[in-house]
Amino acid sequence: MASRFSILLTGILLSASLLRAQDTIPAPVMEAIRPAYRPLAEMLAVSRFQIPTLGNHVELITNGEQYLYSLTTDILNARQSINMEYFAFRRHPESDYVRIGLALKGLEKLDVRYIVEDLMQFPKRRSYFDNLKLAGVGIQHYPLFPLNPRNHQKIVTIDGKTGYMGGMNIARQYFYEWNDTHLRIQGPAVSSMEGIFVKMWRITGGQLFSVNPPAPPFEDGVTIQLVADKPYWHHWNMQAYIWALDHAQSYFYAKTPYFSPPAKLREALRRAAARGVDVRLVLPNPKTLDEAIMAPINQSYYRGLVRGGVKIYESNGIFDHSKVFVCDDYLSSVGSVNMDGRAMLFNHEVNAYFYDEALSGQIKAMILQALENSTEVTLEDIDGRPLAYKIWCNILRIAGPLL
């Protein structure tokens, strides 16, 4: 297991080696992005794995059973390599489909690697994963300590051609009980996903391995830019959200389950609303969240934003774990980043940003459907809460970014 010092030092050194003042975006890629959005692409292209790629096929996955079937099928069809990391991989019969698939491919002598997030497995027996070593699967542990930063990334790459990322972990609630949004990607962006995985593999003490060359682009594909946050660095995903809000002309719609936005993000939300941008946030109904802790944290931020013109809605349906946004029918994002301090300041996270009308239209339709099944929160609702609850919300707000 990597020590506290070694994991921090390795992360700093790898980030320093990968980061440049700016990596050059190829001219054909830049030309494919609308001129107004090229500064965003340039700002986020801080490593070769964050340069946008053309010609990707993207499937939005919002059904957990479909996700489990698709992922398991792709694992069983793998021919060369599988790289996988999840924040949570729960010990359920359904999860064993994935774990057994990894074992079978390890026995076939494929290059199979898995990064365990020890915090989310504790106090589960490590043997659940370490037994995969007997099948030839490479296992690295993101250690329990230090508690900051955590590895919240959810990445799977298969043969360098197919990748999965988004909000879904491997657990029963994602398959059957919650709403969530995940991605199945094919095309050159998968090579970028592998590069992000390699960095985490090295941080956890694994040996360096070569990333597959980018897959050929599809003629009718989507332009994707992957953004992996580096804790204690520049928090690129928060900067992307702020940029989108500051440059939005018509609307900015987002869904997030956990909401303790840093001050800079709160200011950007209010600035956009003050300019007349239609800013709408869909958050979970408190009854579907942890009513004692997480719901009060979310609600502690409502008043200042609603007074500033931001429209906040609470879903009337089941818990929604999606982390998505769409802006002006062109820019959109799906990933692991919650609109909270922990995700945007203290975690390893990864989001995909899409410069594409059609895919952004799909994400917009998904959010609009959620809005139809939600209730807008008004100032009267907020001010009408019991005084004791308001005080509890403000107390918990102090700890919110750390939870």
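Residues numbered from 1 in each chain as written. Predicted model: local features only at pLDDT ≥ 70, side-chain atom pairs only at ≥ 80, totals over all residues. Heavy atoms only, no water.

S.K.: What's the story with the overall build of the chain in this structure? I'm lost.
M.R.: Within the chain one finds 17 helices and 19 strands. Here the chain has a C-alpha radius of gyration of 20 Å; the compact-globule value for 403 residues is 22 Å, and the two agree. When its C-alpha atoms are laid out on the principal axes, the chain stretches across 60 × 50 × 40 Å. Here the chain, with 403 residues, has 60% of them falling under the buried criterion. A separation of at least 24 residues holds for 80% of the contacts in the chain among residues at least 6 apart in sequence. Accessible surface, the chain: about 16400 Å² in total, of which carbon and sulfur atoms supply 55%. Both charge centroids of the chain, one from 41 positive and one from 39 negative side chains, sit 7 Å from each other. (Helix = DSSP H or I, 4+ residues; strand = E, 2+ residues; numbered from the N terminus. Rg over C-alpha atoms; globule rule 2.2 N^0.38 Å. Buried < 20%, exposed > 50% of the residue type's maximum accessible area, 1.4 Å probe, protein only. Contact = heavy atoms within 4.5 Å. Areas by Shrake-Rupley, 256 points an atom, 1.4 Å probe, with all protein chains shown as cover. Lys, Arg positive; Asp, Glu negative; His and termini not counted. Charge placed at Lys NZ, Arg CZ, Asp CG, Glu CD.)

S.K.: So what exactly am I meant to see when it comes to helix 9 (residues 189–203) here?
M.R.: Residues spaced three or four apart along an α-helix face the same direction, because each turn holds 3.6 residues. Over its 15 residues, helix 9 runs 22 Å from end to end, which matches the ideal 21 Å to within 8%, given 1.5 Å per residue. With 14 of 15 residues buried, helix 9 lies mostly within the body of the structure. Following helix 9 by one or two positions, Gly-205 adopts a phi angle in the positive range, close to 100 degrees. (Expected span 1.5 Å × (residues − 1).)

S.K.: How should the packing of helix 10 (residues 236–247) against helix 11 (residues 263–274) be read in this particular structure?
M.R.: In helix packing, the relevant descriptors are the interaxial angle and the interaxial distance, both defined with respect to the helix axes. Where helix 10 meets helix 11, the closest approach of the two axes is 8 Å, and the angle between their N-to-C directions is 15 degrees. One finds that helix 10 runs roughly parallel with respect to helix 11. Remark: the crossing between helix 10 and helix 11 carries left-handed chirality. Taking contact as the criterion, the partners of Tyr-241, Ile-242, Leu-245 and Asp-246 in helix 10 are, on helix 11, Lys-264, Leu-265, Ala-268, Leu-269, Arg-271 and Ala-272. (Axes fitted to C-alpha atoms, helices over the stretch in contact; angles between N-to-C directions. Parallel < 35°, antiparallel > 145°, perpendicular 65-115°, else oblique. Left-handed = near helix turned anticlockwise from the far one by under 90°.)

S.K.: Please clarify how helix 15 (residues 357–372) should be interpreted in this entry.
M.R.: End to end, helix 15 covers 22 Å across 16 residues, agreeing with the expected 22 Å (1.5 Å per residue, within 8%). Listed in full, the buried residues belonging to helix 15 are Leu-359, Ser-360, Ile-363, Met-366, Ile-367, Ala-370 and Leu-371. Buried residues of helix 15 fall within an arc of 145 degrees about the axis and therefore sit on the same side. Across helix 15 from its buried face, at more than 90 degrees, point the exposed residues Ala-358, Gln-369 and Glu-372. (Arc of directions from axis to C-beta.)

S.K.: Whenever I open this one, the nonpolar core confuses me. Can you help?
M.R.: A general tendency of soluble globular proteins is for nonpolar side chains to be buried together. Core analysis: the biggest nonpolar cluster contains 57 residues, and Phe-252, Leu-269, Val-279, Ile-312, Phe-325, Met-339 and Tyr-355 have the highest contact counts within it. No other element matches helix 10, which puts 8 residues into this core. Discounting residues that sit within four places of it in the chain, Phe-252 has contacts with Tyr-241, Ala-244, Leu-245, Val-277, Asp-278, Val-279, Arg-280, Phe-325, Val-326 and Cys-327. By size, the runner-up hydrophobic cluster in this structure holds 39 residues, among which are Ile-185, Met-193, Ile-196 and Val-350. (Core = buried A, V, L, I, M, F, W, Y, C linked by side-chain atoms within 4.5 Å.)

S.K.: Even after reading the chapter, I still don't get the pattern of salt bridges, so can you show me in this structure?
M.R.: Per the counting criterion, the structure on display carries 12 salt bridges. Note that Arg-150 is salt-bridged to Glu-117, the shortest N-O span being 2.9 Å. With a gap of 33 residues between them, Arg-150 in strand 5 (residues 150–151) and Glu-117 in strand 3 (residues 111–117) connect regions that are remote in the sequence. When sorted by exposure, Arg-150 lands in the same class as Glu-117, which is buried. Across the salt bridge formed by Arg-280 and Asp-278, the nearest N and O atoms sit 3.0 Å from each other. Three or more residues are tied together by salt bridges with common partners; here these are Asp-278, Arg-280 and Lys-311. (Salt bridge = Lys/Arg side-chain N within 4 Å of Asp/Glu carboxyl O.)

S.K.: It is not clear to me how empty space enclosed by the protein should be interpreted in this structure. Could you clarify?
M.R.: Once rolled over the atoms, a probe with the size of a water molecule shows which space is left empty. Within the structure shown, the criterion is met by 3 cavities of 30 Å³ or more. Here the second largest cavity is characterised by a volume of approximately 40 Å³. Per-element accounting of the lining of the second largest cavity gives the leading share, 3 residues, to helix 9. Partitioned by chemical class, the residues of the lining of the second largest cavity number 3 nonpolar, 2 polar and 3 charged. (1 Å grid on protein atoms, 1.4 Å probe; cavity = no way out; pocket = protein on both sides within 12 Å on 5 of 7 lines; lining within 4 Å. Points joined across faces, edges and corners; volume = space filled by probe spheres on them. Nonpolar A, V, L, I, M, F, W, Y, C, P; charged D, E, K, R; others polar.)

S.K.: When you look at a nonpolar patch on the surface in this model, what are you seeing that I'm missing?
M.R.: Together, Leu-76, Ile-100, Leu-104 and Leu-107 give the surface a local cluster of nonpolar side chains, amounting to about 360 Å² of exposed area. Counting residues per element, the nonpolar patch draws most heavily on helix 5 (residues 93–107), at 3 residues. For Leu-107, the location among the structural elements is in helix 5. (Patch = residues over 30% accessible without salt bridge, like charges linked within 9 Å, V, L, I, M, F, W, Y side chains within 5 Å.)

S.K.: Mind showing me how you'd approach the environment of Phe-129 here?
M.R.: Positionally, Phe-129 belongs in helix 7 (residues 127–130). The class of Phe-129 is buried, set by a relative accessible area of 3%. In the structure, Phe-129 is positioned 34 residues away from Gly-163 in sequence and 21 Å away in space, judged by C-alpha atoms. Not counting residues up to four positions away in its chain, the partners in contact with Phe-129 are Phe-89, Tyr-114, Val-116, Gln-121 and Ile-139.

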